[in-house]
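# Understanding the architecture of this molecule
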Amino acid sequence: MYNQKAYHLGSNRSCIRELFEYGCRRAEIVGRENVYDYSLGNPSVPAPREVDETIRRILEDTDSVQIHGYTSAVGDLSARKAISDDLNRRYNAGVKPENLFITCGAAPGLTAVFRALAVENAEILAVAPFFPEYRPFAEAAGLIFKVVPPDEPDFQIQLTELEKMLNPNTAAIILNSPNNPSGVVYTRKTLEALAELLRKKEQEFGHPIYLVSDEPYRELSYGVEVPFLPCIYPNTVVCYSYSKSLSLPGERIGYVYVPETAADSKALYAAVAGSARIAGHVCAPSMWQKVIARCTHLRPDLEAYDRNRRRLYDALTSYGYEMAKPDGAFYLFIKAPGADAAAFSEKAKKKDLLVVPGDDFGCPGYFRICYCVTPEMIEKSLPIFEELLKE
Ligand code: PLP
C-alpha cells in the first residue's frame, strides 16, 4: 500500500521536465546545437567568481568539523545577521536575525509557510499565471488552492476579481514578482492597491490575510523597481532563494522572513519552524550558510540575460507575437498563435523548438520560453518562430 496522491505526483513528470527530457533525447540524435530548448529555468550565467573564492577561503580558515557540522535549525546566526544587515541597508526594513529562518531554497520555505497557515478550511489564492508547484505544495499542506484569473494582457493583478474571491476562509495570497512565467514585475501601484484592499478585508473578517511573497527572482530586474513587499504590507512572509540570484540552484539555500510587524509574528515564525521540522528539515547546508554569510552583497551579472531578453522581445514582437513587457526574471510568456498553446508547442517540437504551454501556469493560450540560453541558439531559432507564425 502506498499513498495514491504521492504516487500520482511522483509518476507524472511536469510538462517542463517532459520537454527537457525530450530535448536531451533529440540532442543525441540531431546534435545539441540543433535543438532549441527554451524549456527549463536553469541559470545560464555562472555564480559570481567571489562565491568560489569564498568557498576556498572558508576551507582554509575554518575548522573542518565546523564547516560540515549541523547548524542551528533556524540557521547560523552569522548568516542570518548578514542577511538582515543586507535587507536593512537596501530597504530600511527593520529586519532582525530572529525573524529569519534559513531554508534549503524557496521551495521548502514555501511548503513550510503553507503548512504553517493551514488551519481548517483555509484557502490560499494564487494569481495566474503562477509557478505550477504552488498547487501541490498548498494542497499537500492542507490548504484549499484557488486561482485568481490572469490580468491580460499586462499580467498585473485583477483586483476586482481577487476581491470577489476573498472570504473569511482566505488565509493567504501567494505572489511571485518578478514573475515566473510572465517575466512581469508587479508595480508599486498594483501592490499598494492590493495592500489597501487586503487591509479593508482584514478588518471586515477580523483576522490577518497574509501575503506570501515568493522571491527567487528579486534581483533579476531590468531597470524597473521591485518593491520590497513587507514595506508595503507588513503581513507579508517572504520566501527567498539564492538559486537564481547567485546562480546556485543545485546548492539549496534560501530563507523565510517573517517580519516582526506581521500579525502574530513570533507564533507564525514558530509555526514555520515547526512545519519545516515535520517535513524533515534539520538545517540548511552548513557550508552554504557560511558562504551566504560572506556574500549577501553580491548581485547577479544580468548583462547576458538582458541581451537575450531584448533580442527575443524585439524580434518576436516584430514578427507579430504578443506578450507582456518582460521586465524581470528570465522568461517571456507569449500568446500562442491560434490560441491553443499545447498544439503550438507540439508543432514547434516537430522543428526541435521546445516551448512550454501555459496551461500548468493557470493560463492556457500562452506559452513560456526561458531565455537562459546562448545568443547563438536564439539566432538559429528565430526563423523557426517566424515560420510557425506564418503557418
Ligand atoms: N518559485 C518560483 C517562482 C520558481 O521559479 C522556482 C524555481 O524555479 C522556485 C520557487 C523554487 O526555487 P528554489 O530552487 O529556491 O527551491
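Structural data are supplied above this passage.
Residues numbered from 1 in each chain as written. Predicted model: local features only at pLDDT ≥ 70, side-chain atom pairs only at ≥ 80, totals over all residues. Heavy atoms only, no water.

### Notes on the sheet that holds strand S7 (residues 236-241)
- Within the open sheet, the seven strands sit side by side as S2-S8-S7-S6-S5-S3-S4. Their pairing is mixed. Edge positions in the sheet fall to strand S2 (100-103) and strand S4 (144-148), since each of these pairs with one other strand and no more. Here the strands of the sheet are splayed against their neighbours by 20° on average, with no regard to which way each runs.
- As judged from the five bridges shared by strand S3 (residues 123-127) and S4, these two strands associate in the parallel manner. Bridged to Leu125 within S4 is Lys146.
- Here helix H11 (residues 265-278) sits on the sheet and contacts S2, strand S6 (210-215), S7 and strand S8 (254-257); the angle it forms with S2, its principal contact strand, is near 15°. (Pairing = 2+ DSSP bridges. Helix = DSSP H or I, 4+ residues; strand = E, 2+ residues; numbered from the N terminus. Axes fitted to C-alpha atoms, helices over the stretch in contact; angles between N-to-C directions. Contact = heavy atoms within 4.5 Å.)

### Here we look at the sheet that holds strand S12 (residues 366-370)
- With antiparallel pairing, three strands are arranged side by side in an open sheet as S9-S12-S11. A single partner strand is all that each edge strand has here, and the edge strands are strand S9 (331-335) and strand S11 (356-357).
- Two elements, S9 and S12, share five bridges in a ladder whose sense is antiparallel. Of the residues in S12, the one forming a bridge with Leu332 is Ile369.
- Strands in contact with helix H13 (residues 303-319) are S9 and S12; relative to S9, the strand with the most contacts, it is inclined by about 10°.

### Section: the pattern of salt bridges
- For the structure shown, the criterion picks out 26 salt bridges.
- For the salt bridge of Asp306 with Arg310, the shortest nitrogen-to-oxygen distance reads 3.5 Å. One end of the pair, Asp306, and the other, Arg310, are both in helix H13, four residues apart, so they sit about a helical turn from each other.
- Here Asp306 falls in the buried class, since its relative accessible area comes to 18%.
- Across the pair Glu391 and Lys351 runs a salt bridge, and its minimum N-O distance is 3.0 Å. With Glu391 in the segment after helix H15 (375-390) and Lys351 in the loop between helix H14 (341-349) and strand S10 (353-354), this residue pair connects regions lying 40 residues apart in the sequence.
- Using a relative accessible area of 25% as the deciding quantity, one classes Lys351 as partly exposed.
- Several salt bridges converge on common partners, so that one network encompasses Asp86, Arg89, Arg90, Glu215, Arg218, Glu219 and Arg299. (Salt bridge = Lys/Arg side-chain N within 4 Å of Asp/Glu carboxyl O. Buried < 20%, exposed > 50% of the residue type's maximum accessible area, 1.4 Å probe, protein only.)

### Observations concerning the environment of Val258
- Relative to the helices and strands, Val258 resides in the loop between S8 and H11.
- Between the C-alpha atoms of Val258 and Val238, which are 20 residues apart in sequence, the distance is 6.7 Å.
- Once residues within four sequence positions are removed from consideration, Val258 is found in contact with Asn99, Val237, Ser265, Leu268, Tyr269 and Val272.

### Quick word on the side chain of Glu219
- Positionally, Glu219 belongs in the loop between S6 and S7.
- Classification of Glu219 as buried rests on a relative accessible area of 9%.
- If we skip the residues at most four places from it in the chain, Glu219 touches Arg90, Tyr240, Ser245, Arg299, Pro300 and Leu302.

### Considerations on the site of the ligand
- The ligand sits among 14 residues. The nearest are Ala106, Asp214, Tyr217, Ser241 and Arg252.
- Between the ligand and Ala107 there is a distance of 3.0 Å, counted from an oxygen atom to a backbone nitrogen or oxygen.
- Note that a nitrogen atom of the ligand is positioned 2.5 Å from one of the side-chain N or O atoms of Asp214.
- At the level of secondary structure, the elements contributing two or more residues to the shell around the ligand comprise helix H6 (106-117) and helix H10 (242-245).
- Of the residues in the shell around the ligand, the class split is six nonpolar, five polar and three charged. (Near = heavy atom within 4 Å. Polar contact = N/O pair within 3.5 Å; in protein donor to acceptor, adjacent residues only side chain to side chain. Nonpolar A, V, L, I, M, F, W, Y, C, P; charged D, E, K, R; others polar.)

### Points about unusual backbone geometry
- For the peptide bond that leads from Ala128 to Pro129, omega is -5°, which places it in the cis range.
- By the secondary structure assignment, Pro129 is in the loop between S3 and helix H7 (134-141).
- Ser177 connects to Pro178 through a cis peptide bond whose omega is -10°.
- With respect to the helices, strands and loops of the structure, Pro178 is situated in the loop between strand S5 (170-176) and helix H9 (188-205).
- The backbone phi angle of Asn121 is positive, close to 65°, even though this residue is not glycine.
- Within the element layout of this structure, Asn121 appears in the loop between H6 and S3.
- Phi at Asp352 takes a positive value of approximately 60°, unusual for a residue other than glycine.
- Examined against the element boundaries, Asp352 turns out to sit in the loop between H14 and S10.

The analysis is restricted to geometry; functional conclusions fall outside its scope.
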